[in-house]
Amino acid sequence: MGVEEKRYEISLLGGAERSHLTDSRFSALHASGLNAAAGLSFRLNNKASVTELEAGVSFLNLNLNGSLPSKVDGWIGNATFSHFLKLAGSEEGFSYGTGPGLIAMHSSRTYQDFINMNQAGEQLMMLSTAHQLGYSKGRFGLRNRLILGLAGVVKVPYAGSSYENEENGFQFSTVFKDQWFQNAISIEWAVNTRHAVGITYIMQYYSIGDVREVRSLINRVCFLYRYRL
Amino acid sequence: MKLYIISAAISVFAFLSCSKVVESGPKDNLSSFDDLWTILDKNYGLFGVKNINWDSVYLNYRSRVSPQMNEEQFFKVCSDMLDQLRDGHLLIKGGSRTYSFTNFYTLYPRNFNWNNVLQNYLFNDLDSIGPFQFKVDQGLSYVRYPSFLEGFSNGELDSLMRTFAPTRGIIIDVRGNLGGSVRNATLFASRFFRERTLVKYERFRNGIARDALSDPVPYYIAPAVPGFYGKLVVLTNRSCFSACNDFVLFMSRLPNVTVIGDQTGGGGSIPVNYVMINGWKLQYSSSLTLSSSNVPVEDGIRPSISETISSIDEVNGRDPILERAILLLK
């Protein structure tokens, strides 16, 4: 069976994650919790490249570990666009691809036990570098994908309520100041030529801000279902 | 492949940096004191009007902290330090202990006795909708909102306004209301405005310099219906603080409003909450509130008509502030 010119694939992800978040405006302590997460991706597999568009969302349900209860609710949404050029390997065995990409992220949180200034969030849009290392043999496939933000615009963390005018505009930033990266390891099993299932482990991290700093680390495990169009 | 190794190396560095997210850090007394002092140093919005040397405060009070202190002793040092700022928004809760600065009303006459109002003016006969306690009698409405922490629905506010619609005036009693949510103050006030109105400015702390504040951010009240546009009297005293102070500030923009009683307690700033590294909850002022004519309202708002309740009045069950309001609306 020869390699097809184009292959379209759509994937659904759903699972759980352990999330840690520190927002220096509200505490030097981190908030943590077990959240639900979901994702959707579309992939175009060409002979020489792979183009991937992926969106994911985390539904935050965190607790700040103080002596009094402090719940943090919210969500983090990510969208990544990556274009990998196949530099080495083939359909069977090892393969490697790399290329440019784009990251967009929005994070929004409400500190439920606080009043007035209890909402916070940050936004980011960065050009990225994306790398993909794969191995496949028969129905089995293993893939590691790394996306690293390089430079772009970041909306510095804001906190407020009805004070929407608080200064929180977009600023230019680079990886040396603000970081966003995601590493995803997937193990897949092709059920037949159209359907594949698997498990994905995603580690995602971002750090934004200087005077007021927000750091988030997510460790997510998802079930994956892939359908070849 | 080389590129992958380079990016993997970068991700290892990033992974190491992200370990900071899950570090709890030391929680000893000295670190906790530094956390408290520093968060105020970087974020407190009222240094510009407090006229205090915050570095001296650090040296003075940190020397009193030792790792061996028990929690009660350490709490006392932190409370004493916060007392220097004389700010009613400053609050620490740790375990069963709570510190808050209350001199803004405890040093002044109370000018409010709810039992006297209830027994001698409302005759123990009042209704309630949501957090609002009210009575409609002889074409006059009286409504008390005890705390702006208590929320309400639009439906509840609609019902309240419809109840008041046939009356010629409303007495809004916010004495003893220590504040809460500015949103609640805004929603309640919006029922008395006919048009979008600038009611205050907010200047947020926005830099390392202690007096660094943003340009004034205007704050508007947009009208909501059903509303009430007849005569209004707002009753105030020194324990009308924070969101209550804001409410009086908003209402005093209206030409049909008379404020009667004592000066409000102030608290013209937006409080922010923070969880210290030892788990205590801190609240502090993050901004400076200015009236629509650019005057700070941190120390309170003067009434249009000053009136007080003497101790003899109180013993006799009288409330001259409420009586003045009734007289004005007759």
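Residues numbered from 1 in each chain as written. Chains lettered and ligands numbered in written order. Predicted model: local features only at pLDDT ≥ 70, side-chain atom pairs only at ≥ 80, totals over all residues. Heavy atoms only, no water.

## Details of the confidence of the model for chain B
Considering every residue of chain B, the mean pLDDT works out to 92; 92% of them sit at 70 or more. Overall fold confidence for the complex sits at a pTM of 0.82, while the interface term, ipTM, reaches 0.76. (pLDDT = per-residue confidence, 0-100.)

## Focus: helix α5 (residues 71-83) of chain B
All names here are of chain B. In a regular helix each residue adds 1.5 Å, so 13 residues correspond to 18 Å; α5 covers 18 Å between its end C-alpha atoms and thus fits that length. Considering only its buried residues, α5 is in contact with α2 (29-43), α4 (54-62), β1 (91-94), β2 (97-100) and β12 (281-285). N-capping of α5 is provided by N70, with a side-chain oxygen placed 3.1 Å from the backbone N of E72. (Helix = DSSP H or I, 4+ residues; strand = E, 2+ residues; numbered from the N terminus. Expected span 1.5 Å × (residues − 1). Contact = heavy atoms within 4.5 Å. Polar contact = N/O pair within 3.5 Å; in protein donor to acceptor, adjacent residues only side chain to side chain.)

## Re unusual backbone geometry
Residues and elements named next belong to chain B. Looking along the chain, the bond that leaves V225 and enters P226 is cis, with omega of -5 degrees. Residue position: P226 is located in the loop between β8 (217-221) and β9 (231-236). In this structure, N111 takes a positive phi of about 55 degrees despite not being glycine. Inspection of the secondary structure assignment puts N111 in the loop between α6 (103-106) and α7 (114-121). With a relative accessible area of 1%, N111 lands in the buried category. (Buried < 20%, exposed > 50% of the residue type's maximum accessible area, 1.4 Å probe, protein only.)

## A few points about the packing of aromatic side chains
Residues and elements named next belong to chain B. Overall, the coordinates contain 27 aromatic pairs over all chains when judged by the stated rule. Measuring from ring centre to ring centre gives 5.8 Å for Y145 and F188, while their planes differ by 85 degrees; the resulting arrangement is edge-to-face. Of the two residues, Y145 is situated in the loop between β5 (140-144) and α8 (154-164) and F188 in helix α9 (residues 182-189); the sequence distance between them amounts to 43 residues. F188 gets classed as buried once you look at its relative accessible area, which sits at 0%. In textbook terms, an aromatic cluster arises when at least three aromatic residues are bridged by ring pairs, as seen for F132, Y145, F148, F152, F188, F192 and F247. Just above the ring of W114 sits the side chain of R144; from NZ or CZ to the centre is 4.3 Å. Just above the ring of Y108 sits the side chain of R238; from NZ or CZ to the centre is 3.8 Å. (Phe/Tyr/Trp six-rings, centres within 6.5 Å; stacked < 30°, edge-to-face > 60°. Lys NZ or Arg CZ within 6 Å of the ring centre and 35° of its normal.)

## Topic: the pairing of strand β11 (residues 271-275) of chain B
Residues and elements named next belong to chain B. Of all 5 residues in β11, 5 are buried, a share of seventy percent or more. Taking every second residue as pointing to the same face, both faces of β11 are buried, with P271, N273 and V275 on one and V272 and Y274 on the other. Bridge count between β11 and β12: 5 bridges; the pairing is antiparallel. Residue pairing for β12: P271 is matched across the bridge by S285. (Pairing = 2+ DSSP bridges.)

## Thoughts on empty space enclosed by the protein
Residue and element names in this part refer to chain A. Under the definition given, this model contains 4 cavities of 30 Å³ or more. In this structure, the largest cavity spans a volume of roughly 110 Å³. Contributing to the lining of the largest cavity are 14 residues, with E54, A55, G56, Q182 and R220 lying nearest its centre. Secondary structure elements with two or more residues in the lining of the largest cavity: β2 (31-46), β3 (49-64), β4 (71-89), β10 (195-208) and β11 (214-228). Each residue belonging to the lining of the largest cavity can be placed in one class, and the counts come to 6 nonpolar, 6 polar and 2 charged. (1 Å grid on protein atoms, 1.4 Å probe; cavity = no way out; pocket = protein on both sides within 12 Å on 5 of 7 lines; lining within 4 Å. Points joined across faces, edges and corners; volume = space filled by probe spheres on them. Nonpolar A, V, L, I, M, F, W, Y, C, P; charged D, E, K, R; others polar.)

## A short note on the sheet that holds β8 of chain B
All names here are of chain B. Read from one edge of the open sheet, 3 strands run β8-β7-β13, paired in antiparallel fashion. Only two strands of the sheet have a single neighbouring strand rather than two, namely β8 and β13 (287-291). Taking each pair of neighbouring strands and ignoring which way they run, the sheet shows an average axis angle of 30 degrees. Relative to β13, strand β7 (residues 197-204) is paired through 5 bridges, and the arrangement is antiparallel. Bridge assignment links E202 to a residue of β13, and that residue is T289. On the sheet, helix α10 (residues 243-251) packs against β7, β8 and β13 and is oriented at approximately 140 degrees with respect to β7. (Axes fitted to C-alpha atoms, helices over the stretch in contact; angles between N-to-C directions.)

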